[in-house]
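Here's the letter readout for the chains.
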Amino acid sequence: MLWLSSLCVLLGTIFFLRILSSLHRTLKIRSAIKKLPCPPGVHWLAGHQKQSPFSPGMQWQRDTVAAFPRAYTLWRGFIPIPVLVHPDTIKPLVVNPTGSVKSSFYKLFWDWLGEGLGTSLDNTKWKRNRRLLTSSFHLDILRTYVPIYNDCIEVLMGKLDQLAAEGKPMKTDHEFGLCTFDAILRTACSYQSNCQLEKRHKPEDLDILTATEILIRTVQERKTGNPLLVIPWLFRLSSLYPEWRRACQYVHRIADELIKKRKKEISEKAESKDPPVSPRDFLDTLILARDTDGSGLTVKEMTDEVNTFLFAGHETTATAMTWILYNLAKYPEHQSKVREEVDKILENRDTDRITSKDLNQLEYLSLVIKETFRMYSAVLLSRTLTAPLNVDGVTLLPGTLVAFNIYQLHHNPTVWGDDHMEFKPSRFLPENFAKIDPFGYLPFSAGPRNCIGQHFAHNQVKVMAARILRRFHLSLVEGEPEPLPNLNIALKPLHEILIRIKPRD
Ligand code: HEM
């Protein structure tokens, strides 16, 4: 009996010492963070929450970066988070392995995306999967996708013809959401769905857009809304949970079916003694990928990656297209310049299809796209430090959750000037852009955890915008309010933007 009580005392002491050491570490981390400047008005319990730092319109974000142009502390409840907003402070975080481990915020995605490339906190696993999947985004492969983008936008333009004939405006986010989902299914999974034309049977039925919207809204609410919802068991008890579960099941079913079908095709092919299969798309790459020891991805790992790419590959590009079309409709002078460029490229051709060779010639469109990416970019990305990080003389300790705010970087007056709210594609002319720090413009983040799909996205938005301008004139619907950018993982408009479309002669 004596040995049992001695063991209990020993275990109790170890447990107590561990709690003490973790408390000590937390206090050290907090006291380092507190040395950074802090926007005023912090409530002892709610932090900056009462000032609605993420409210639609992003005014707080712009005011704060104007006042604190390098780094500041954002209080999320009683937890301080250092936020970096200047190229000098962001660069050391993103380029070094110090900042390649994502923060625990990304766990909020796990029920939905698992530990796929974008949300994995395990760096060994992330590195291996990134290496395996990078080949699917080789420029030669991306070139073969250009005809597919043309096919997808063709379907959308058929719908726009109809809307124009009826005198109705286009609902940008909705239409682009379906079109980009169609494109990622056709390119990454060689799967031709009818998602752009399918109708929902009943309003309560889910489709990919409503399911994704529920998932995004829920993650956002947990991340920047009610801080208590970060706690998993409280979230499970909340009213958000049943909808979240239903939406997760909906999107998981799509991924599961795609993988199951493809695995069957591959094994049938192997049995039929056809020549060995070489990967033809992302889905093949996932299934056929092998490490040096011959082991492949588990079914769970494949599912996580398919869910990640189906989401990351359509949602961000659709949002980007929405803002690109909005800017083209709002600024007719830029619209005309892009149209002239497209007309010139397509002159003397009997088709309006854009080829991969045309993409580099769409130079003015490129400037418009880059300026749109600057104005409406991702907002808070975060990492957990694996080594000390010096921020303006303050040493942040390993284990600190550090955020960098791309929206604030792109609206930092010390980087982009006081006219950062003006839409000026000329900022990206080589002679002007050369004056901007390379880490002043990060729509796709930077360093090892940058966006794997950035060239995919660039090509796709170019094809879509060029094809639409070739066929239609765009204008804003009179009387509609100025759209407010609203944080929903990506920076989406608070309300659907309506664009009036008029066929050219
Ligand atoms: C305009 C469109 C897009 C924008 C603005 C965008 C932006 C970003 C950003 C800012 C990140 C870093 C996220 C973070 O650190 O948390 C990221 C990561 C990622 N993006 Fe994109 N993205 C776009 C399109 C795409 C497309 C088309 C795909 C796939 C086909 C894609 C796949 C991914 C993946 C898998 C990651 C995680 C990479 C990693 O951690 O290794 N993205 N993207």
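Just so you know, these numbers come straight off a predicted model, no measurement behind them.

(A) Focus on the coordination of the iron atom of the ligand. No other protein atom reaches the iron atom of the ligand as a donor apart from Cys451 (SG), found 2.3 Å away. In this fold, Cys451 is placed in the loop between helix H18 (430-433) and helix H19 (454-471).

(B) A look at the UniProt feature "binding site: heme" (unreviewed entry) in the protein. This chain's UniProt record puts "binding site: heme" (unreviewed entry) on Cys451. Other than its neighbours up to four places away in sequence, Cys451 contacts Arg130 and Phe444.

(C) Quick peek at the sheet that holds strand S11 (residues 498-503). Spatial ordering of the open sheet is given by S3-S11-S8, a layout of three strands whose pairing is antiparallel. On the outer flanks of this sheet lie strand S3 (170-171) and strand S8 (472-476), each paired with one strand and no other. Pairing geometry for S8 and S11, over five bridges, is antiparallel. Directly across from Ser475, in S11, lies its bridge partner Arg500.

(D) Quick peek at the sheet that holds strand S4 (residues 380-384). Reading across from one edge, S1-S2-S7-S4 is the order of the four strands in this open sheet, with mixed pairing throughout. Looking along the sheet, the strands with just one partner apiece sit at the ends: strand S1 (71-76) and S4. Ignoring strand direction, the axes of neighbouring strands in this sheet form an average angle of 35 degrees. This element, helix H3 (residues 87-95), spans strand S2 (79-84), S4 and strand S7 (401-405) of the sheet and lies at about 125 degrees to S7.

(E) Fine view of the nonpolar core. With 148 residues, the main nonpolar core has Leu84, Trp112, Phe176, Val306 and Leu474 as its most contacted residues. Setting aside its immediate chain neighbours within four residues, Trp112 contacts Thr212, Leu215, Ile216, Val219, Trp244, Cys248, Val251, His252, Asn307, Phe311 and Ile489.

(F) Main features of the pattern of salt bridges. Going through the model one piece at a time under the given rule, you end up with 35 salt bridges. Of the charged contacts in the structure, one is a salt bridge between Lys264 and Glu268, with a shortest N-O distance of 3.6 Å. Here Glu268 and Lys264 lie together in helix H10 (residues 241-271), a separation of four residues that amounts to about one turn. Overall, Lys264 belongs to the exposed group, its relative accessible area being 53%. In this structure, Arg504 and Asp343 form a salt bridge, with 2.7 Å as the shortest nitrogen-oxygen distance.

(G) The arrangement of the pairing of S7 in detail. Burial within S7 is extensive, with five of its five residues counted as buried. Burial along S7 is two-sided: the face carrying Leu401, Ala403 and Asn405 and the face carrying Val402 and Phe404 are both buried. Where S2 lies against S7, two bridges are found, and the strand directions are parallel. Looking at S7, one finds that Val83 is bridged to Ala403. As defined by bridge partners, S4 adjoins S7 across five bridges and the pair is classed as antiparallel. Within S7, the position partnered with Thr384 by the bridge is Leu401.

(H) Local environment of the site of the ligand. In the vicinity of the ligand lie 27 residues, with Tyr106, Trp126, Arg130, Arg449 and Cys451 positioned nearest. Between Tyr106 and the ligand, the recorded distance is 2.6 Å, taken from a side-chain N or O atom to an oxygen atom. Here an oxygen atom of the ligand sits 2.7 Å away from a polar atom, N or O, in the side chain of Arg130. Those elements giving two or more residues to the shell around the ligand turn out to be helix H5 (123-134), helix H12 (299-312), helix H13 (315-330), S4 and H19.

(I) Local environment of the side chain of Asp284. The residue Asp284 is located in helix H11 (residues 282-288) in this model. Here the side chain of Asp284 touches Arg262 through a polar contact of 2.9 Å, side chain to side chain. The residues contacting Asp284, other than those within four sequence positions of it, are Arg262, Ile266, Ser278, Pro279 and Ala289.

What counts and how
Residues numbered from 1 in each chain as written. Predicted model: local features only at pLDDT ≥ 70, side-chain atom pairs only at ≥ 80, totals over all residues. Heavy atoms only, no water. Donors = N, O, S within 2.8 Å, 3.2 Å for Na, K, Ca; no water. Helix = DSSP H or I, 4+ residues; strand = E, 2+ residues; numbered from the N terminus. UniProt positions renumbered as here; feature names shortened; annotations may be inferred. Contact = heavy atoms within 4.5 Å. Pairing = 2+ DSSP bridges. Axes fitted to C-alpha atoms, helices over the stretch in contact; angles between N-to-C directions. Core = buried A, V, L, I, M, F, W, Y, C linked by side-chain atoms within 4.5 Å. Buried < 20%, exposed > 50% of the residue type's maximum accessible area, 1.4 Å probe, protein only. Salt bridge = Lys/Arg side-chain N within 4 Å of Asp/Glu carboxyl O. Near = heavy atom within 4 Å. Polar contact = N/O pair within 3.5 Å; in protein donor to acceptor, adjacent residues only side chain to side chain.

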